[in-house]
Amino acid sequence: MHNGSGGAPPTGAPSLMAELIHEIPDPFAGPDGALYLVRIVAAERPDGTWAAWIEFHAGGGPIRRTERETSQSNRNAVVYWAAGLEPIYLEGAFARSFVEL
């Protein structure tokens, strides 16, 4: 299911459909001073495993996204992983992220 979360996965498999897994309830304050809505997005791969990445959305501006942050055996494992992300992890993920062109 694609939810308009920013397009195809950054894992080099554009045929996979992205699915919103989790949204962090509190905005993330980026080092640029902007507040970002943080979404964890994932896609099931042909082998049945799931790849997940993080997207940072700043009010209508470009979406920053990481490469694959985790691979999990199933969707429930991705949900569990996403629910445990701490602010310090998001800081590192933001530093790894890039603006999608």
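Keep in mind the model is a prediction, meaning the values are calculated, not measured. (Residues numbered from 1 in each chain as written. Predicted model: local features only at pLDDT ≥ 70, side-chain atom pairs only at ≥ 80, totals over all residues. Heavy atoms only, no water.)

Colleague: Help me out: how do you make sense of the nonpolar core in this one?
Modeller: Here is a general trend for soluble globular proteins: nonpolar side chains tend to be buried in one another's company. Judged by nonpolar contacts, the single largest core of 19 residues is most densely connected at Phe28, Val38, Ile40, Ile54, Phe56, Trp81 and Leu90. Mapped onto this core, the elements with two or more residues apiece are strand S3 (35-44), strand S4 (50-57), helix H1 (75-83) and helix H2 (87-96). Setting aside chain neighbours within four positions, we find Ile54 in contact with Val38, Arg39, Ile40, Arg64, Arg65, Thr66, Glu69, Trp81, Leu85, Tyr89, Leu90 and Ala93. (Core = buried A, V, L, I, M, F, W, Y, C linked by side-chain atoms within 4.5 Å. Buried < 20%, exposed > 50% of the residue type's maximum accessible area, 1.4 Å probe, protein only. Helix = DSSP H or I, 4+ residues; strand = E, 2+ residues; numbered from the N terminus. Contact = heavy atoms within 4.5 Å.)

Colleague: I keep staring at the pairing of S3 and nothing clicks. Help me out?
Modeller: Along a regular strand, successive side chains alternate from one face of the sheet to the other. As judged from the four bridges shared by strand S1 (residues 19-23) and S3, these two strands associate in the antiparallel manner. Residue Leu20 lies in a different strand from S3, and its bridge partner there is Val41. In this sheet, S3 lies alongside strand S2 (residues 28-29) in antiparallel orientation, the contact comprising two bridges. Among the inter-strand pairings, Phe28 is bridged to a residue of S3, identified as Tyr36. Here S2 folds back onto S3 in antiparallel fashion, the turn holding five residues, of which Gly33 has a positive phi close to 90°. The antiparallel hairpin formed by S3 and S4 contains five residues in its connecting segment, where Gly48 sits at a positive phi of about 95°. (Pairing = 2+ DSSP bridges.)

Colleague: Explain the pattern of salt bridges here, please?
Modeller: A pair can form between side chains of opposite charge whenever their charged atoms are brought close. All told, the structure shown has four salt bridges when counted by the stated rule. One salt bridge connects Glu23 with Arg39, and the closest N-O pair in it is separated by 2.8 Å. With Glu23 in strand S1 and Arg39 in strand S3, this pair connects stretches of sequence that are 16 residues apart. The closest approach of N and O atoms between Arg96 and Glu69, which form a salt bridge, is 2.7 Å. Of this pair, Arg96 sits in helix H2 while Glu69 is found in the loop between strand S5 (63-65) and strand S6 (70-72), placing the two residues 27 residues apart along the sequence. (Salt bridge = Lys/Arg side-chain N within 4 Å of Asp/Glu carboxyl O.)

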